[in-house]
Amino acid sequence: MLIKNNDIINSIAEALQYISIYHSNDFIQAMVEACNKEESRPAKDAIQQILTSSKMSALGKRPLCQDTGIVTVFVEVGMGIQLEGNHTIEDLINQGVSNAYLDQSNPLRASIVNDPLALRKNTGDNTPAVIHTKLVKGDKITFKVAAKGGGSENKAHLKMMNPSDDLVEYILKLIPTLGAGWCPPGVLGIGVGGTAEKAVLMAKESLMDPINIQELIVRGPENRAEELRIELYDKVNRLGIGAQGLGGLTLSSMLRSKIIQLMPHHCRWRLFQIVLQHDIFIFHWTGQEKLT
Amino acid sequence: MDGSGKINLDPPSLDSYPSDDWMPDMNALRIDLNNTSKSDLEKLNAGDTLLLNGTILTARDAAHKRMASLISEGKDLPVSLKNRFIYYVGPVDPIADEVVGPAGPTTATRMDKFSDLILNQGILGMIGKAERGPETIELIKDNKAVYMIAVGGAAFLVSKAITKAKKVAFEDLGMEAIYEFEVKDMPVTIAVDQKGKSIHQEGPKKWQIKIEEK
């Protein structure tokens, strides 16, 4: 199956424009739920401002946040496909990123600097993206595209844990130390197992899953990871941190975190935990699926 | 993608949004930034919601770093900070008839290391998002300044309160340049008041007790 270069470039650009403007429905629903539940006046006011701002963005077709992120793409390349010509997947994605960020109908903020240790010169078109590629069976290529804001990315943690350590206890101690720069209410992504870099990657990818914590609570947990999600959802919200760290009931009202697990080395389990900005831009498509 | 063309995306439905839009609290105190002094700010308490009117300067990491080097070299700043308010923001470029693109606050905590230098220049207040560190809180108290927060994530709504924008210094820094914004009813909350009370310390503490009592 031949995949045309322009189809990849245009799809990446269109996805980035789309996620800069629109929140996903599951996120809006979770925010509305948080808003209804919240009893703290300043926290509720903040959530209402976010919801109204989000609606204004959808109507005005302008970015949800001034930080339009660092582009992060998970690619699954089916081994049955063929790419045109002699371009790498990275080249094609970066061309899509450049087109999206320089789009004159809705220019996005370029936030990437070159030579970070010295000159720190802005690359001007938000390239390069951070790209993770996997080869899989099949005749299609799948992209999961996120534009990750700095406020939440700066709160990422990697912890090398001992087998006897308590994951929940660690997270509950950590979160109050993170402050409010990640614009709560937000989403936690957790990856457990593997090696240091694998745990980080799993945590990041877990953020691409749908927010389904309320369904999970209704259905009941079916495994240890789901039990942990429910326990963390409840305990994290009981910390009292609230929207924007102002105090309140809904810190992480949606907890997108699918906890991804991998077989760890027998004497160590690894944990990585990302706290995500409330408006992580996530977009996922495969084949002809349409996002509505 | 399976070779049959690029993706097609339809805008999502807006039905999930609440029907009532957020509106500024008409009882909120309006502050005239161009005619205010340290003693006018004395009555403000952490947690108060305000609507800001007048002019503010913007600066974030790169502009702070450059101002710090100029100060350490004994040089004048390109714009006086005396009695001004600084908004930590790196806006999106405007289109069409916009004054400025989305322009929500960035994390103020990153600017803590410059607090001493900048407060010494005589600023009255800072606007950003998230908590300040203990040393900055003490400095705010000592200098009789205030720290206010806008809502992180409400960038487009906040930008609509900006009625004029011009770059006044460090133009080569792009979105990190120093702008002067004129604002009308920009919604903020006092996060650190002149007494050194911080809503990010008090708020969660209060709510943790409330939750435990439930």
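Here the residue index of a chain counts from 1 through its sequence in written order. Throughout, the order in which chains and ligands are written sets their labels, letters from A for the former and numbers from 1 for the latter. Totals for whole chains, interfaces and linings use all residues, but because this is a predicted model, local features are given only for residues with pLDDT of at least 70 and pairs of side-chain atoms are given and counted only at 80 or more. Excluded from the side-chain calculation are hydrogens and water; included are all heavy atoms of the structure.

A word on the pairing of strand S2 (residues 70-78) of chain A
Residues and elements named next belong to chain A.
Argument step 1. Partly exposed residues are those whose accessible area sits between 20% and 50% of the maximum for their type, while under 20% is buried and over 50% is exposed, using a 1.4 Å probe and protein chains only. Helix and strand definitions here come from DSSP, where helices need a minimum of 4 consecutive H or I residues and strands a minimum of 2 consecutive E residues; each element is numbered from the N-terminal end. The buried fraction of S2 is high, at seven of nine residues.
Argument step 2. The pairing criterion is simple: DSSP has to find at least two bridges between the two strands. Direction of pairing for S2 relative to strand S7 (residues 141-148): antiparallel, over a ladder of eight bridges. Its bridge partner lying in S7, Val 71 is registered against Ala 147.

Comments concerning the pattern of salt bridges
Residues and elements named next belong to chain B.
Argument step 1. Here, a salt bridge means any side-chain nitrogen of Lys or Arg that lies within 4 Å of a carboxyl oxygen of Asp or Glu. Summed over all chains, the structure comprises 23 salt bridges over all chains.
Argument step 2. Notably, a salt bridge pairs Arg 30 with Asp 185, separated by 2.8 Å at the nearest N-O pair. Of the two residues, Arg 30 is situated in strand S1 (residues 29-32) and Asp 185 in strand S7 (residues 178-192); the sequence distance between them amounts to 155 residues.
Argument step 3. Across the pair Arg 66 and Asp 172 runs a salt bridge whose closest N-O atoms are separated by 2.8 Å.

Some thoughts on the environment of Gly101(B)
Argument step 1. Structurally, Gly101(B) can be placed in the loop between strand S3 (85-87) and helix H2 (115-120).
Argument step 2. Counting along the chain gives 57 residues from Gly101(B) to Val158(B), while the straight-line C-alpha distance between them is 10.0 Å.

Regarding the packing of helix H6 (residues 167-174) of chain A against helix H9 (residues 224-237) of chain A
All names here are of chain A.
Argument step 1. Fitted lines through C-alpha atoms give the axes, limited to the stretch in contact for helices. The angle between two N-to-C directions lies from 0 to 180 degrees. Viewed as axis vectors pointing N to C, H6 and H9 meet at an angle of 30 degrees, and their least axial separation amounts to 11 Å. One element, H6, and the other, H9, form an angle in the roughly parallel class. In this structure, H6 meets H9 at a crossing whose hand is right-handed. Contact residues: H6 offers Leu 167, Val 168, Ile 171 and Leu 172, while H9 offers Leu 228, Glu 231, Leu 232, Lys 235 and Val 236. Working definition: roughly parallel below 35 degrees, roughly antiparallel above 145 degrees, roughly perpendicular at 65 to 115 degrees, and oblique for all remaining angles. By the definition used in this description, the sense in which the near helix is turned from the far one sets the handedness, with an anticlockwise turn below a right angle giving left-handed and a clockwise turn giving right-handed. In this analysis, two residues are considered to be in contact whenever any of their non-hydrogen atoms come within 4.5 Å of each other.

Remarks on the packing of aromatic side chains
Residue and element names in this part refer to chain B.
Argument step 1. Between 30 and 60 degrees the pair is tilted, below 30 it is stacked and above 60 it is edge-to-face, where a pair is any two Phe, Tyr or Trp rings, Trp via its six-membered ring, whose centres lie within 6.5 Å. Scanning the entire structure with this criterion turns up two aromatic pairs over all chains.
Argument step 2. Their ring planes at 55 degrees and their centres at 5.7 Å tell us that Tyr 179 and Phe 181 sit as a pair that is tilted. Neither residue differs from the other here; Tyr 179 and Phe 181 are each classed as buried.
Argument step 3. Positioned above the aromatic ring of Tyr 147 is the side chain of Arg 132, whose terminal nitrogen or guanidinium carbon lies 4.8 Å from the ring centre. Lysine NZ or arginine CZ positioned within 6 Å of the ring centre and within 35 degrees of the ring normal marks a charge as sitting over the ring.

Here we look at helix H5 (residues 199-213) of chain B
Residues and elements named next belong to chain B.
Argument step 1. Given the number of residues in a helix, its expected span is that number minus one, multiplied by 1.5 Å. Taking 1.5 Å per residue, 15 residues should reach 21 Å; H5 reaches 21 Å between its end C-alpha atoms and fits that length.
Argument step 2. Every buried residue of H5 is listed here: Ile 199, His 200, Gly 203, Pro 204, Trp 207 and Ile 211. Along the long axis of H5, the arc covered by the buried residues comes to 105 degrees, so they all point the same way. Away from its buried face by more than 90 degrees, H5 exposes Lys 205, Glu 212 and Glu 213. Along the arc lie the directions from the helix axis toward the C-beta atoms.

Re the environment of Ala129(A)
Residues and elements named next belong to chain A.
Argument step 1. For Ala 129, the location among the structural elements is in the loop between strand S5 (121-122) and strand S6 (130-136).
Argument step 2. Remark: the alpha-carbon pair of Ala 129 and Ile 112, spanning 17 residues in sequence, is separated by 9.2 Å.
Argument step 3. Setting aside anything within four residues of it in sequence, one finds Ala 129 in contact with Val 71, Ile 93, Asn 94 and Val 97.

Some words on H6(A)
Residues and elements named next belong to chain A.
Argument step 1. Burial in H6 covers these residues: Leu 167, Val 168, Tyr 170, Ile 171 and Leu 174. Viewed along the axis of H6, the buried residues span an arc of 160 degrees, placing them on a single side of the element.
Argument step 2. Residues adjacent in sequence count toward polar contacts only when both atoms are side-chain atoms; beyond that, a polar contact is any pair of N or O atoms within 3.5 Å, and within protein one must be able to donate a hydrogen and the other to accept it. Put simply, Asp 166 is the residue that caps the front of H6, since its side-chain oxygen is 3.0 Å from the backbone nitrogen of Val 168.

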